[in-house]
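# Architecture and fold: a report
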Amino acid sequence: MKILLLKGVSQYGAMRNYIDHWNYILQEKGYETYIIDISAGVNVEQLSHFITSQRPNLVLACNAICGKIAENAVAGFGKYVTVLYDNPVIHTGHLKELGENSAVFSCDAIYADYIREHYPAIGYVGFLPLSGDAAKQLIPYEQRNCDLLFTGSYFNVNKAYETLCELPVDLRGIAMQVAQEMIDHPSLVLWESLDKVLAAFDINLSMKQKEVLLDTFRCIDIFVRAYIRDKVMHSIVGSQIPIHIFGNGWEEFSCKHPENLILHEGYGEVAMTVLADTKLSLNIMPWFRAGIQERNIAAMLAGTVSVTDSSLYIEENFTDGEDIVLYSLERLEELPGIITGCLEDTERSREIAERGYEKAVNGHTWKHRIEQLLSELNLV
């Protein structure tokens, strides 16, 4: 079987890294693979010609890149398959273009349900959780030098709020209410919060009208994520807990104790090296409410304790205090104590890290994800 993988652009090169993982796994399984890098732009004619001449059984990509082009080109002998790693409202334009010859997987089960409901023309929609990189070398837990690590960007919460204020006057009040619902009730995703607010205002909209409104309200998702990330980090740094950071934008983070924010340059391999020398890895979910974040799995595969807010998927597959450590976004005042407790009880934390590693390596690697994708498409 032939598989063409499309490699685009992503922050920190994350999705380019996913493609490399998938390619290696597929080749190990004996598939004939090709990679086309379209980060410099797409030549439609050349891409279509390559697909029609090589006749791959699958064209595989992240975040629906080249969806319409690839689906049309592969028609009759293959299928276009994409995995979405963002809120689907961000990809409205791409999803509208896909049809029966496409399969879309989302990294969140709730997001997948939304895609099924709103884009019935798509041939198949599935849920495919994220995985993470495996550490090249495991350092004994007691010998690790970094107590607490966070990898990820900082989004200036004030700038994110300004985008809400720039919405049309007739939508601004609704947007503020939707944002507050998500903050007050972190289990709700964007469209669920919107439905609650519309009901409170006794506003009835068609599905099409809601889709248009959600596209306008993408800035709410960005603001809420920025607000929560800012609040989580303040709870830690303000409690005099040092935290090592790999990511962009943290020079804009303002706090009373900046000495506890230890910024590092680089990402990728550099961050992975530090992760393998870390006791606790903090995660703040990017509003996946029925999925898991790459940082969770990468931490576990590095023999590090994953400290994270929860989701339906995490609750179904992991156990707080056994193979993962959970905190609540609704009780952030407890987070510093949770972290301090883990650092003080090294033996307990080492056991959690070991069980997390076993859980991840036996069921949550990229190999497991690719096998699930192929199985759901009846290709194994």
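Above this text you will find the structure in question.
So, a few notes on the structure that sits alongside this text. (Residues numbered from 1 in each chain as written. Predicted model: local features only at pLDDT ≥ 70, side-chain atom pairs only at ≥ 80, totals over all residues. Heavy atoms only, no water.)

As a packed pair, helix α7 (residues 169-184) and helix α8 (residues 190-200) sit with axes 9 Å apart at the nearest point and diverge in direction by 120°. As far as their axial angle goes, α8 and α7 are oblique. Judged by the twist between their axes, the crossing of α7 over α8 is right-handed. Contact residues: α7 offers I174, Q177, V178, E181 and M182, while α8 offers L190, S193, L194, K196 and V197. Taken together, the residues of the contact of α7 with α8 sort by class into 6 nonpolar, 2 polar and 2 charged. (Axes fitted to C-alpha atoms, helices over the stretch in contact; angles between N-to-C directions. Helix = DSSP H or I, 4+ residues; strand = E, 2+ residues; numbered from the N terminus. Parallel < 35°, antiparallel > 145°, perpendicular 65-115°, else oblique. Left-handed = near helix turned anticlockwise from the far one by under 90°. Contact = heavy atoms within 4.5 Å. Nonpolar A, V, L, I, M, F, W, Y, C, P; charged D, E, K, R; others polar.)

This part takes up the packing of aromatic side chains. In this structure the tally under the stated criterion is 15 aromatic pairs. Ring geometry for Y18 and Y85: centres 5.0 Å apart, planes at 65°, overall edge-to-face. Of this pair, Y18 sits in helix α1 (residues 14-28) while Y85 sits in the loop between β4 (79-84) and α4 (92-97), and the two are 67 residues apart along the sequence. Residue class for Y18 comes out buried when judged on its relative accessible area of 5%. Feature note: the residues Y18, W22, Y85 and W366 constitute an aromatic cluster, connected by ring pairs. The cationic tip of R289 hangs over the ring face of W287; the distance from NZ or CZ to the ring centre is 4.3 Å. (Phe/Tyr/Trp six-rings, centres within 6.5 Å; stacked < 30°, edge-to-face > 60°. Buried < 20%, exposed > 50% of the residue type's maximum accessible area, 1.4 Å probe, protein only. Lys NZ or Arg CZ within 6 Å of the ring centre and 35° of its normal.)

For T33, the position within the fold is in strand β2 (residues 32-37). In terms of polar contacts, T33 uses its side chain to reach the side chain of N23, at 2.6 Å. Looking at T33, its side chain comes within polar contact range of the side chain of Q27, at 3.0 Å. Contact partners of T33, with chain neighbours within four places excluded, come to I3, L5, N23, L26 and Q27. (Polar contact = N/O pair within 3.5 Å; in protein donor to acceptor, adjacent residues only side chain to side chain.)

Keep in mind these values describe shape, not function.
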